[in-house]
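Listed below, chain by chain, are the residues.
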Amino acid sequence: MSSSLPPFARSLPRLSPLALLLTVLLLTACGPTEADGTEADQVTTTDTTVVEEVTTIDADTIPFGQWSPDSTRSLSATVSSAQDVTLSAEVSGRVEFLPIVPGQSVTQGQTLLELSDRDNPARVQYQSALRSFDTTQISANQTIQSAESSLATVRTSAANAVSSAQSQRDLIATAAANARASAQSQLQLSQTFADNAIASAQANLDRALAGKDTAIAQAQTAYQAALDSAEAARAAEQSTYDQTFATLMTAAETSRTSSGDAFAWLDRFLQVTGDYKYDIDPARGQIGNNDVLGKNNLEQGLLALSRQRAAAPSRRPTQLTEPSIIAYAQTELTDLFTLRSLLSQMDSLIRRSQPGKVLSQAAIDGFTGEGQGYRAQIDGVITGLETQLRAAETARDRITQSLTGIEAQITQAKVALDSALLSTDTEIAAAQTAYDSAVAQAQSDLAAAQTAYDNTLTQTDSDLASADLAVQNAQASADTQVAQAESSVDGARASADLQLTQASSQVELAAIGQADLQYVAPFAGVISEVFVTDYQTVNPGTPLLQLSSDRTPKVEALVTLADAELLATLEGVDIELADGTVQFVPVPAISPKADPRTRRVTVEFDLPVLPEGVSLGSVAKVKLPVAGGKQTLIPLSAVSFEPSGPEVLIVDPSTSIAIRQPIQVGAVRGNAIEILSGLTRGSRVIRYRQRVNAGDRITSVGGVSLTTISDESGQPTTAVSSPMVADPAARPATGVPDTGYVPLSAE
């Protein structure tokens, strides 16, 4: 087929239906052009019919769950009926009645054949035995009727004696019931009196308890009001206290910012931090030249203050408690005092400086004014921080006094509550004593009534027990008399049964000879063969007919002991029938006993379905794995690992079209891979995934594909075979049957 294509066509890949359609549309859209490269004056439009590509391809498939990477072998077997019976003649005679034919279905007990032997003595013996059985049955019935009549008389007499004793017992029971009712009424009356006395005492006790509850409730309300008031006052004082110390902390932290300008003003003169080493002012440099010792002392003081300011962040308390906040504020206040002292020293140093060419008196006066301004600013900060410190100390004393007063109020309310509890206990104790006395008297009265009631019950129980004993004695005597009469009846029946059994045995023996002339179906089935004809004379042992069961057929196989052990480990096996179909059949229970001569075991497999083309007696093949591997394996060549996950191609059983099926895979075992999910047992899996495209119609094992393009009417117009090459050396070793052709490239 491929040799009819041009060389370039054999090297082209197959086009999908969408690609073929786009190609046709593109060629249609391109109109004719003139030879010089310009478009023609008119473009001829042609109608293009969209055709569907149907690819039919032979492919190698395997049934999932029935494939193993190990090789398999076949055992010969035979398809047979579930049960076959050959009926043979038991006596000599002639076939008189033959209502069946081969292939006819019959039911269990249906007459299949009758023989006739007019000189058979079994008929005479059978009739005589029947007459003897009838005579024996009449005599036995009369004996049994006489014994049963005597039994009825004894039962009547015994029933009268038991009835008399039962009547006397009923009279005693009535008197006992009346006595019990009277005692029960007296007990209930005593119970009512006791309940009333206890209820009255309980009411008095409840009133005392209610008064106590009221007094206690009022005292508890007052106590709770004192607690609530104290809690509110404590919260208000605590809020004011917290706000005072928060303000103090804020003032301590802001004092550093407020004193920063004054410190910087001093540093411009003394140059101790290096922040203003490039800020050269000749006039400032002349300050203190006439008092070097005083200036040096001032520089040392400012340097020490600079170091204290640098360490200020580490002095800030991590836990804002009252002592830590006060200590922090006092430290900051000490730094402010130091800065104010330094400002005073600088003012004195400026005033003692002598004016000259560089330092004028106006500059000295300006510096003096600046220093006085910064000192006034520091004095204000010191005054504010000292005020906040005094407020914090005052707040501490005030909240201590306030809390002491609050605790005094709570103590006073608690004393009032305890007094209320104590005053009501005496009243409750008196009411409780009265209640206990009423309960004790009621219990005493009830105990006396209960004793009288118990005595009545004891006496009546004794009278009833005596009456019951009399009834039991009468019943026992009656039972003895009835048992004796029933024994006589049983003896009569046993004697009659023995006589009837003997007579029946004679009838059955005579019936055996009679039954030998009639044959019925032992089970429902099909007449597979008839060996005689109407009016044919037969002798004992002559085959008459063969009956086969209509149940599900079976496959019988003779296997070795080793194969039997292998079968016992399998869930099921594949059985190939004569028409080529394969059925998966469960493995039945296998008998461990083998034929001592052949050392073989017979295994019977029940077939789910017997195809129409397969007959009983035909040969079948039982497929056995060489080494029984996993039943969830498929060849690695069947799997395609796509970006979306692994998949295989399976054959749709309704359309024979190859379709994609996503799967989940497990471990790789040699040239096979385990399937965890995605496939069901029996699914036909394409063995070589890269040789088949999704959408191909699969026929059978092979290697040639045929593409047919049809027009709108469905009539084939063009037959194109897939690109093939007939080079046996290029054929891969895949196990596919040798067709002589393999595709040049896979999809």
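The coordinates are above.
Along each chain, residue indices are assigned from 1 in the same order as the chain's sequence is written. Confidence filtering applies because this is a predicted model: local features only for residues at pLDDT of at least 70, side-chain atom pairs given and counted only at 80 or more, and all residues used for totals across whole chains, interfaces and linings. In computing side-chain values, all of the structure's heavy atoms are included and hydrogens and water are not.

**Q** What should I look at first to understand the overall build of the chain in this one?
**A** Along the chain, the regular secondary structure elements total 9 helices and 28 strands. The proportion of buried residues among the 747 residues of the chain is 31%. Of all intrachain contacts in the chain linking residues separated by at least 6 positions in sequence, the fraction that spans at least 24 positions is 77%. Note on areas: Shrake-Rupley, 1.4 Å probe, and residue coverage restricted to the protein chains presented here. Per element, the accessible surface of the chain, about 43,000 Å² overall, is 53% carbon and sulfur. Secondary structure is summarised from DSSP: a helix means a run of H or I of at least four residues, a strand means a run of E of at least two, and numbering begins at the N terminus for each. A 1.4 Å probe rolled over the protein chains alone gives each residue an accessible area, and that area as a share of the maximum for its type sets the label: buried under 20%, exposed over 50%, partly exposed in between. Should any heavy atoms of two residues lie within 4.5 Å, those residues are counted as being in contact.

**Q** Looking at this structure, how should I read the environment of lysine 593?
**A** Summarising the element assignment, lysine 593 is placed in the loop between strand 14 (582-586) and strand 15 (600-606). Put simply, lysine 593 and leucine 561 are 32 residues apart on the chain and 9.0 Å apart in space, counted from C-alpha to C-alpha.

**Q** Can you help me understand the nonpolar core in this one?
**A** A general tendency of soluble globular proteins is for nonpolar side chains to be buried together. Only buried Ala, Val, Leu, Ile, Met, Phe, Trp, Tyr and Cys residues count toward a nonpolar core, and they belong to the same one when joined by side-chain atoms within 4.5 Å. Within the largest apolar cluster, 41 residues are counted, with the highest numbers of intra-cluster contacts made by Leu248 and Met346. Of all the secondary-structure elements, those providing two or more residues to this core are helix 3 (122-270), helix 5 (292-310), helix 7 (322-352) and helix 8 (361-515). Residues in contact with methionine 346, not counting those within four places in the same chain, are Trp265, Leu266, Phe269, Leu270, Ile287 and Leu298. In terms of nonpolar packing, the next biggest core, distinct from the first, is built from 22 residues, Leu75, Leu570, Leu577 and Val622 among them.

**Q** How should I be thinking about helix 5 in this particular structure?
**A** Side chains three or four residues apart in an α-helix point the same way, a direct result of the helix having 3.6 residues per turn. To estimate how far a helix should reach, multiply one less than its number of residues by 1.5 Å. Taking 1.5 Å per residue as the helical rise, helix 5 with its 19 residues ought to reach 27 Å, and the 27 Å between its terminal C-alpha atoms agrees with that figure. Looking at helix 5, one finds that the buried residues are Lys295, Leu298, Leu302, Leu305, Ser306 and Arg309. Considered in projection along helix 5, the buried side chains sweep an arc of 105 degrees and stay on one side of the axis. More than 90 degrees from the buried face of helix 5, the exposed residues found are Val292, Leu293 and Arg307. Comment: arc refers to directions from the helix axis out to C-beta atoms.

**Q** What's the story with the packing of aromatic side chains in this structure? I'm lost.
**A** For any pair of aromatic rings, the description rests on two quantities: the centre-to-centre distance and the angle between the ring planes. Each Phe, Tyr or Trp ring, with Trp reduced to its six-membered ring, pairs with another whose centre is within 6.5 Å; inter-plane angles below 30 degrees give stacked pairs, above 60 give edge-to-face pairs, and intermediate values give tilted ones. Applying the stated rule across the entire model yields 4 aromatic pairs. Between tyrosine 241 and phenylalanine 245 the ring centres are 4.7 Å apart and the planes differ by 55 degrees, which places this aromatic pair in the tilted class. One end of the pair is tyrosine 241 and the other is phenylalanine 245, both in helix 3 and 4 residues apart, which spans about a single turn. With respect to class, tyrosine 241 is no different from phenylalanine 245; both count as buried. Relative to phenylalanine 269, the ring of tryptophan 265 has its centre 4.9 Å away and its plane inclined at 70 degrees; by these criteria the two rings are edge-to-face. In this pair, tryptophan 265 and phenylalanine 269 are both assigned in helix 3, 4 residues apart and thus about one turn of the helix distant. Here the aromatic cluster, defined as three or more aromatic residues joined through ring pairs, consists of Trp265, Phe269, Phe367 and Tyr374. Ring-over charges, as used throughout, are those where CZ of Arg or NZ of Lys falls within 6 Å of the ring centre and within 35 degrees of the ring normal. Against the face of phenylalanine 269 rests arginine 284, its NZ or CZ located 5.3 Å from the ring centre. For the cation-ring pair, arginine 309 lies above phenylalanine 263, with the distance from its terminal atom to the ring centre recorded as 5.0 Å.

**Q** What is the right way to read empty space enclosed by the protein from this model?
**A** Here the term cavity refers to a set of points on a 1 Å grid, laid over the protein atoms alone, in which a 1.4 Å probe fits but cannot get out; the term pocket refers to an open set having protein on both sides within 12 Å along at least five of seven lines, with lining residues being those that place an atom within 4 Å of a point. Grid points are joined across faces, edges and corners, and a volume is the space filled by probe spheres set on the points. Within this structure, the stated rule accounts for 1 cavity of 30 Å³ or more. As a volume, the largest cavity reaches approximately 70 Å³. Forming the walls of the largest cavity are Ser255, Arg256, Ser259, Leu305, Arg309, Glu332, Asp335, Leu336 and Leu339. For the lining of the largest cavity, the element with the most residues is helix 7, which contributes 4 residues. Only Asp, Glu, Lys and Arg are considered charged in this grouping, and only Ala, Val, Leu, Ile, Met, Phe, Trp, Tyr, Cys and Pro are considered nonpolar; every other residue, Gly among them, is considered polar. The residue inventory of the lining of the largest cavity, partitioned by class, reads 3 nonpolar, 2 polar and 4 charged.

**Q** Where do I start with the sheet that holds strand 11 (residues 543-549) in this structure?
**A** Strands in a sheet are paired, the pairing made by backbone hydrogen bonds, and the direction either parallel or antiparallel. If you trace the 4 strands from one edge of the open sheet to the other, you get 4-11-9-6, paired in antiparallel fashion. Single-partner strands in this sheet number two, and they are strand 4 (84-88) and strand 6 (105-106). Note: two strands are recorded as paired if DSSP finds a minimum of 2 bridges between them. With 5 bridges joining them, strand 4 and strand 11 adopt antiparallel strand pairing. Looking across to strand 11, one finds that leucine 87 is bridged to leucine 545.

**Q** What's the story with the side chain of arginine 689 in this structure? I'm lost.
**A** Looking at the element boundaries, arginine 689 is found in the loop between strand 23 (684-686) and strand 24 (697-698). What makes arginine 689 buried here is its relative accessible area of 10%. In this structure the side chain of arginine 689 is engaged in a polar contact, spanning 3.5 Å, whose partner is the side chain of glutamate 647. The residues touching arginine 689, leaving out its near neighbours within four places in the chain, are Ser637, Ala638, Val639, Ser640, Glu647 and Leu649. In the analysis that follows, any N or O atom pair within 3.5 Å is treated as a polar contact, provided that within protein one partner can donate a hydrogen and the other can accept it, and provided that, for residues neighboring in sequence, both atoms belong to side chains.

**Q** For this particular structure, what's the right way to read unusual backbone geometry?
**A** Comment: phi is negative for the bulk of residues other than glycine, and the bulk of peptide bonds are trans. The phi torsion at tyrosine 535 lies on the positive side, around 65 degrees, for a residue other than glycine. With respect to the helices, strands and loops of the structure, tyrosine 535 is situated in the loop between strand 9 (525-530) and strand 10 (537-538). One non-glycine residue, serine 656, adopts positive backbone phi at about 60 degrees. Within the secondary structure layout, serine 656 lies in the loop between strand 19 (645-651) and strand 20 (658-662). Here serine 656 falls in the partly exposed class, since its relative accessible area comes to 29%.

**Q** Sorry, what's going on with the packing of helix 5 against helix 7 here?
**A** In helix packing, the relevant descriptors are the interaxial angle and the interaxial distance, both defined with respect to the helix axes. With axes taken as lines fitted to C-alpha atoms, and helix axes fitted only over the stretch in contact, angles between N-to-C directions fall between 0 and 180 degrees. At a closest axis distance of 10 Å, the pairing of helix 5 and helix 7 adopts a crossing angle of 155 degrees. Between helix 5 and helix 7, the crossing angle belongs to the class labelled roughly antiparallel. Seen from above, helix 5 lies across helix 7 with left-handed handedness. For the pair helix 5 and helix 7, the contacting residues are Lys295, Leu298, Gly301, Leu302, Leu305 and Gln308 in the first and Asp335, Thr338, Leu339, Leu342, Gln345, Met346 and Leu349 in the second. Roughly parallel refers to an angle under 35 degrees, roughly antiparallel to one over 145, roughly perpendicular to one between 65 and 115, and oblique to any angle outside these ranges. For a crossing to be left-handed, the near helix must be turned anticlockwise from the far one by less than a right angle; the clockwise case is right-handed.

**Q** Looking at this structure, how should I read the sheet that holds strand 8 (residues 518-520)?
**A** The strand order across the open sheet built from 4 strands is 8-7-5-10, with neighbouring strands paired in antiparallel fashion. Of all strands in the sheet, those with a lone pairing partner are strand 8 and strand 10, marking the two edges.

**Q** Whenever I open this one, the pattern of salt bridges confuses me. Can you help?
**A** Counted as salt bridges are all cases of a side-chain nitrogen of Lys or Arg within 4 Å of a carboxyl oxygen of Asp or Glu. The full count for this structure, using the stated rule, is 18 salt bridges. Close ionic contact of arginine 234 with glutamate 231 constitutes a salt bridge, the shortest N to O distance being 2.9 Å. Highlighted residues: arginine 234 and glutamate 231, both in helix 3, separated by 3 residues, approximately one helical turn. For glutamate 231, a relative accessible area of 46% translates into the label partly exposed. A salt bridge links arginine 351 to aspartate 347; the nearest nitrogen and oxygen atoms lie 2.8 Å apart. In this pair, arginine 351 and aspartate 347 are both assigned in helix 7, 4 residues apart and thus about one turn of the helix distant. What makes aspartate 347 buried here is its relative accessible area of 18%.

**Q** Would you take a moment to explain the environment of asparagine 539 for this structure?
**A** Mapped onto the fold, asparagine 539 is located in the loop between strand 10 and strand 11. Looking at asparagine 539, the relative accessible area reads 46%, which means it is partly exposed. Measuring from C-alpha to C-alpha, the distance between asparagine 539 and glycine 93 comes to 6.7 Å, with 446 residues separating the pair along the chain. Not counting residues up to four positions away in its chain, the partners in contact with asparagine 539 are Ala89, Val91 and Ser92.

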